[in-house]
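The lines below spell out each chain.
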Amino acid sequence: MDETGKPPAVDTDDRELLCLYLAVQFARTPRKRTIPLFGRNVTAYANGRKVDLALMTEYLTRKHLGHPPRAAEAQGAWDYYHGTRAMNGGNDPTHDEAVTATLSSVRVCISQYRARHWRLETSRKPNFLTSDAPLVLWRPETPDDAYRGFGLEGAHEIRFPVSPTAQLVLIPGQGTSAEEVKLSRVISCNQDLADSCEQVVVGHPDRPKALDRVQLTKRGPTLRFNTAPGIRKNADGTEEPMGDILHMYTTRR
């Protein structure tokens, strides 16, 4: 792509290989293992103490969130912890099992990348940053961000920096395109990447200002829990209660 200035064409081996690579990049990060390893982390924190609602609240406050949770969030996290352990014979998943679970999604997700329009965005100067979690999902901010996340299907853009002067952007549609973008676009994308990184952002050694422009928060995207009444909508338009539902999502930043 650096040599040609174009993304790989539809139905080529290069494009198919990149679909696999992007899917692995999305699945391989520590944050993706947060869900299967949540219970193991809580057990380690408890260090032999009973994991009751009070301890779960303490764990969320001191370790996971960094602030006191709402009652419904503490209840949701407690339900998830004991529910997953009950389904696993009273044990927490091992680290290897967590890695296996996250990487098992790779093949399933490839179609999400394959089905999009691929746009190569270029910058005249090497200002694009990368990070330890380089694949970024983006959509315009909405009030829904306060209580729900979004994934590959809901992303308006799937971004991946391929060099200091280019990033690949997958958008709804078909085909390929290439365009040179303004510095303001690069700066905006770099901040989105910094917001979703694990711990590190990386820039070109000759362009330190690109790194100076972004801000790193103390905590990145976080797994959240909620317990609330569920409602089922029937085919005839009527609604009926489903009992309490456990809702889990990861924040945008």
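Please read these numbers as outputs of a predicted model, since none were measured by experiment. (Residues numbered from 1 in each chain as written. Predicted model: local features only at pLDDT ≥ 70, side-chain atom pairs only at ≥ 80, totals over all residues. Heavy atoms only, no water.)

Asker: Would you take a moment to explain the pattern of salt bridges for this structure?
Answerer: Two side chains that carry opposite charge are able to pair once their charged atoms sit near each other. Overall, the coordinates contain 19 salt bridges when judged by the stated rule. With a closest N to O distance of 3.7 Å, arginine 31 and glutamate 198 form a salt bridge. Taken together, the residues arginine 31 in the loop between helix 1 (13–27) and helix 2 (34–46) and glutamate 198 in the loop between helix 7 (183–195) and strand 7 (201–202) connect sequence positions 167 residues apart. If you follow the salt bridges from partner to partner, you end up with Arg119, Glu121, Glu157, Arg159, Glu179, Arg185 and Asp192 in one network. (Salt bridge = Lys/Arg side-chain N within 4 Å of Asp/Glu carboxyl O. Helix = DSSP H or I, 4+ residues; strand = E, 2+ residues; numbered from the N terminus.)

Asker: Would you explain helix 7 in this entry?
Answerer: Because each turn of an α-helix spans 3.6 residues, side chains separated by three or four positions in sequence point in the same direction. For helix 7, spanning 13 residues, the distance from its first C-alpha to its last is 18 Å, which sits close to the expected 18 Å at 1.5 Å a residue. Of the residues making up helix 7, those classed as buried are Val186, Cys189, Asn190, Asp192, Leu193, Ala194 and Asp195. At its buried positions, helix 7 is contacted by strand 2 (130–131), strand 3 (136–138), strand 4 (157–163), strand 5 (166–171) and strand 7. (Expected span 1.5 Å × (residues − 1). Buried < 20%, exposed > 50% of the residue type's maximum accessible area, 1.4 Å probe, protein only. Contact = heavy atoms within 4.5 Å.)

Asker: Whenever I open this one, the pairing of strand 5 confuses me. Can you help?
Answerer: For a regular strand, the rule is simple: side chains alternate between the two faces of the sheet. Within strand 5, six of the six residues are buried, which leaves it mostly tucked inside the rest of the structure. Every second residue of strand 5 is oriented toward a common face, with Ala166, Leu168 and Leu170 on one face and Gln167, Val169 and Ile171 on the other, all of them buried. The pairing of strand 1 (residues 117–122) with strand 5 spans six bridges and is antiparallel. Pairing of threonine 122 across the sheet is with alanine 166, part of strand 5. (Pairing = 2+ DSSP bridges.)

Asker: What should I look at first to understand the nonpolar core in this one?
Answerer: Note that soluble globular proteins tend to have their nonpolar side chains buried in a common cluster. Counting 19 residues, the largest nonpolar core has Leu22, Tyr113, Leu135 and Ile158 as the members making the most contacts within it. Of all the secondary-structure elements, those providing two or more residues to this core are helix 1, helix 6 (106–114), strand 4 and strand 5. Examining the composition of this core, we find that six residues originate from one element, helix 1, more than from any other. Ignoring any residue separated from it by four or fewer positions in sequence, one finds leucine 22 in contact with Tyr113, Trp118, Leu135, Phe160, Leu168 and Leu170. (Core = buried A, V, L, I, M, F, W, Y, C linked by side-chain atoms within 4.5 Å.)

Asker: Quick question: what am I supposed to make of the packing of aromatic side chains here?
Answerer: Centre-to-centre distance and the angle between the planes together describe a pair of aromatic rings. Tallied over the full model, the rule gives six aromatic pairs. Between the aromatic rings of phenylalanine 38 and phenylalanine 225, the centroid separation amounts to 4.8 Å while the plane-to-plane angle is 50 degrees, which identifies the pairing as tilted. Of this pair, phenylalanine 38 sits in helix 2 while phenylalanine 225 sits in strand 8 (residues 223–233), and the two are 187 residues apart along the sequence. An identical accessibility class is assigned to phenylalanine 38 and phenylalanine 225; each is buried. (Phe/Tyr/Trp six-rings, centres within 6.5 Å; stacked < 30°, edge-to-face > 60°.)

Asker: Explain the sheet that holds strand 4 here, please?
Answerer: For sheets, the rule is that strands pair by backbone hydrogen bonds, running either parallel or antiparallel. Ordered in space as 3-4-5-1-6, the five strands form an open sheet in which the pairing is mixed. Every interior strand has two partners, whereas the edge strands, strand 3 and strand 6 (176–180), have only one. Averaged over all adjacent pairs, the angle separating strand axes in this sheet is 25 degrees, with direction ignored. Relative to strand 5, strand 4 runs antiparallel, the two sharing five bridges. The residue bridging phenylalanine 160 from the neighbouring strand is leucine 168, located in strand 5. On the sheet, helix 1 packs against strand 1, strand 3, strand 4, strand 5 and strand 6 and is oriented at approximately 80 degrees with respect to strand 1. (Axes fitted to C-alpha atoms, helices over the stretch in contact; angles between N-to-C directions.)

Scope: geometric values only; no functional claims are made or implied.
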